[in-house]
Amino acid sequence: DTEVTQTPKHLVMGMTNKKSLKCEQHMGHRAMYWYKQKAKKPPELMFVYSYEKLSINESVPSRFSPECPNSSLLNLHLHALQPEDSALYLCASSRSLNTEAFFGQGTRLTVV
Amino acid sequence: EDQVTQSPEALRLQEGESSSLNCSYTVSGLRGLFWYRQDPGKGPEFLFTLYSAGEEKEKERLKATLTKKESFLHITAPKPEDSATYLCAVRNYNTDKLIFGTGTRLQVFP
């Protein structure tokens, strides 16, 4: 089983809203990732967690706040987003930072 | 700075017409090169991992190879269902970052 589950699949939010994206994996992976992908562009790395600790933050604006409550869950809290933040947000996990990452199907976020 | 460049940007093939996709990379320390397939609106699907020059991996009509500066994804006798964007990614040994190339959009026509 190489499944990474993301919820919700679609999200529309206003610029003053607060929402959260959720990601779950039960493969025992110890590294988890958030990527942002705009149309016809490659995924861009946002955050990496390794053993539930934030390992990499790619200078992401503070309106995006990651959280890793346990080894199976990864959240991305959203607050005061801008329309240009509309994108496909992808979660991924890997056994370690050496190995291949498996991606979820993404959350399509639209900021209005 | 790490760089991953894929070519061509787009490729149109007739069903059965074999071809190759290229991924050129510059990374201070390579800790793996990864190939993914992505369908529109979906997350990338893992295909192959390559760790060292000379390594080859094969799966159905796809074969991935690696040299010290580039990787190739060879597609033999493609079918329309192989149509997708193929992404290459490299992991930097020093930073642990997984960085993606711009992708090749492949269309296979019957």
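Everything numeric here is computed off the predicted structure, so don't read it as measured data.

Rules of the game
- Residues numbered from 1 in each chain as written.
- Chains lettered and ligands numbered in written order.
- Predicted model: local features only at pLDDT ≥ 70, side-chain atom pairs only at ≥ 80, totals over all residues.
- Heavy atoms only, no water.
- Phe/Tyr/Trp six-rings, centres within 6.5 Å; stacked < 30°, edge-to-face > 60°.
- Helix = DSSP H or I, 4+ residues; strand = E, 2+ residues; numbered from the N terminus.
- Buried < 20%, exposed > 50% of the residue type's maximum accessible area, 1.4 Å probe, protein only.
- Polar contact = N/O pair within 3.5 Å; in protein donor to acceptor, adjacent residues only side chain to side chain.
- Contact = heavy atoms within 4.5 Å.
- Disulfide = S-S within 2.5 Å.

**Student:** How should the packing of aromatic side chains be read in this particular structure?
**Tutor:** All names here are of chain B. One pass over the full model with this rule turns up nine aromatic pairs over all chains. Residues Y36 and F46 carry aromatic rings whose centres are separated by 5.9 Å and whose planes lie at 70 degrees to one another, so their mutual orientation is edge-to-face. Of this pair, Y36 sits in strand β4 (residues 30–38) while F46 sits in strand β5 (residues 45–50); the two residues are ten residues apart in sequence, bridging distant segments of the chain. Judged on exposure class, the residue Y36 and its partner F46 are both buried.

**Student:** Teacher, can you tell me more about the side chain of T99 of chain A here?
**Tutor:** Locating T99 of chain A in the fold gives a position in the loop between β9 (87–94) and β10 (101–103). The exposure class of T99 of chain A is buried, given its relative accessible area of 7%. Separated by 3.2 Å, the side chain of T99 of chain A and the backbone nitrogen of S96 of chain A make a polar contact. Residues in contact with T99 of chain A, not counting those within four places in the same chain, are S94 of chain A together with F34, Y51 and R91 of chain B.

**Student:** Looking at this model, I keep getting lost on the state of the cysteines. Mind explaining?
**Tutor:** All names here are of chain A. Summed over all chains, the structure comprises two disulfides over all chains. The disulfide that involves C23 links it to C91, with 1.9 Å between the sulfurs. Since a negative S-S torsion denotes a left-handed disulfide, the C23-C91 link at about -70 degrees is left-handed. Taken together, the positions of C23 in strand β3 (residues 18–25) and C91 in strand β9 put the pair 68 residues apart, joining distant regions of the chain. C91 matches C23 in its accessibility class, with the two residues each being buried. Unpaired in this structure, C68 has its nearest cysteine sulfur neighbour in C91, at a distance of 9.3 Å.

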